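Here is what each chain is made of, one letter per residue.
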Amino acid sequence: MTHLVLEGLTRAYGGRPVVQGVSLSVERGSLLALLGPSGCGKTTTLRMVAGLEAPDAGRILVEGRDVTPLAPHRRRMGVVFQSYALFPHMTAAANVAFGLEMHGVPRGERVRRAAEALTLVGLADHAQKRPRQLSGGQQQRVALARALAIEPDVLLLDEPLSALDAKLREELRSEMRAIQQRVGATSVFVTHDQAEALAMADMVAVMDQGRIAQLGTPEDVFERPRTPFVATFVGRSARFAGQAEGGAVRAGGMAIHAAGLPATGAVEVFVRPHRIRVLADGDTAENALDGTIAAIDYTGEVAQLQVDTPVGRVPVDVATADGAWRARQPGQPIRLGWRATDTIWFAA
């Protein structure tokens, strides 16, 4: 069942459009990620949903009710900010209870619900600590508890993990996702980190210059991008330019095969690194390409090869589990291959 609907949201600053006609819907209990680079309009969109910014045009509906004219505190939306926004002189419990006080909840009820929310995020033993006595991850959990304590209709998260180190960010995103699913909160999550969006979200809206470039499941957005921007921003790719001719793309002296190509015309081609395999002697592939290894980056589970070819530099991900990658060295010749169905193309 659809819970949150945005209809044609538009916002400009000084005549410069920042959000341009954003429309989407979020199912009850699901998590939508607004993903995009800095300046694409994702945070402004979130702030309009929260009531912290007024749209120039468009509506925000929750369960069919237009909340656009309502003040933030009347929208029943919990917000988790990037900066945590905790009161330094208050304990964790008092910080959580403060949001309840602003909503007019009686004191006894505030204490009970604050304790429940801190237990939910695993901080029951830290209720009497002040923010300076907590780690960054613990402070973010307090901010999440404060947002959940009011039992919001919609939970809004504005890049809540960006201030944390990489390892903690990965751990906390799993915890936040688990908590969101446990409480069944309809949520909107703003991030510029594609890994966070793909790992946490049920649906991803990729934003580009104030508009939604693509809305789909994480798999759809990654495996089936609809625009060159989405293919470039979400994930790494080999990228070629050529001319469609005779059922293939002619680029750098080779024919790149793909499904559904036009008869003629300029074409941009993308191939994901994990779809490209290293061909052994005698192996064949629908698309085959000779090159030379330029660099090897060991990243743990995969070794990222950079291969110079007649159509440009091609990234290739090679699994490290069997140790075979160690035999690869910069300067070595290499032959690459991939299936025609793994070729993503766009008319240029």
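Residues numbered from 1 in each chain as written. Predicted model: local features only at pLDDT ≥ 70, side-chain atom pairs only at ≥ 80, totals over all residues. Heavy atoms only, no water.

### Describing unusual backbone geometry
How we decide: Runs of E in the DSSP output that reach at least two residues are strands. Runs of H or I that reach at least four are helices, and both are numbered from the N terminus.
Despite not being glycine, Glu63 shows a phi value in the positive range, around 50 degrees. Inspection of the secondary structure puts Glu63 in the loop between strand 4 (57-62) and strand 5 (65-66). In this structure, Arg76 is a non-glycine residue whose phi angle is positive, near 55 degrees.

### So, the UniProt feature "domain: ABC transporter" (unreviewed entry) in the protein
Put simply, the test is: UniProt positions are given in the numbering used here, feature names are shortened, and annotations may be inferred rather than shown by experiment.
Residues annotated by UniProt as "domain: ABC transporter" (unreviewed entry) correspond here to residues 4-234. End C-alpha atoms of residues 4-234 are separated by 25 Å, and the span's content is 37% helix alongside 27% strand.

### Side note on the sheet that holds strand 17 (residues 302-309)
Selection criterion: The pairing criterion for strands is at least two bridges between them, as found by DSSP.
Read across the open sheet, the five strands follow the order 15-19-16-17-18; overall the sheet is antiparallel. Two strands lie at the open edges of the sheet, namely strand 15 (277-278) and strand 18 (312-319), each paired on one side alone.

### Let's talk about helix 1 (residues 42-50)
What counts, and what does not: Partly exposed describes any residue whose relative accessible area lies between the buried limit of under 20% and the exposed limit of over 50%, with all areas from a 1.4 Å probe on protein chains only and scaled to the type maximum.
The buried fraction of helix 1 is high, at seven of nine residues. Within the span of helix 1, buried status applies to Lys42, Thr44, Thr45, Leu46, Met48, Val49 and Ala50. One or two positions beyond helix 1, positive phi appears at Gly51, with a value near 90 degrees.

### Quick look at the packing of aromatic side chains
Our working definition: Under the pairing criterion, centres of Phe, Tyr and Trp rings, with the six-membered ring standing for Trp, must be within 6.5 Å; the plane angle then separates stacked pairs below 30 degrees from edge-to-face pairs above 60, leaving the rest tilted. Our definition puts a charge over a ring when NZ of Lys or CZ of Arg is within 6 Å of the ring centre and also within 35 degrees of the ring normal.
For the coordinates displayed, the defined rule picks out five aromatic pairs. Over the ring of Phe222 we find Arg272, and its NZ or CZ is 4.5 Å from the ring centre.

### Topic: the nonpolar core
The line we're drawing: Here, the term nonpolar core denotes a set of buried Ala, Val, Leu, Ile, Met, Phe, Trp, Tyr and Cys residues that are joined through side-chain atoms within 4.5 Å. Any two residues whose heavy atoms approach within 4.5 Å are treated as being in contact.
Counting residues in each nonpolar core, the largest one holds 45 residues, and the members touching the most others are Val96, Leu118, Val142, Leu144, Leu155 and Val204. The dominant element in this core, judged by the number of residues it contributes, is helix 4 (residues 136-149), at seven residues. In this structure, Leu144 is in contact with Val80, Val121, Leu155, Leu157, Met176 and Ile179, ignoring residues within four places of it in sequence.

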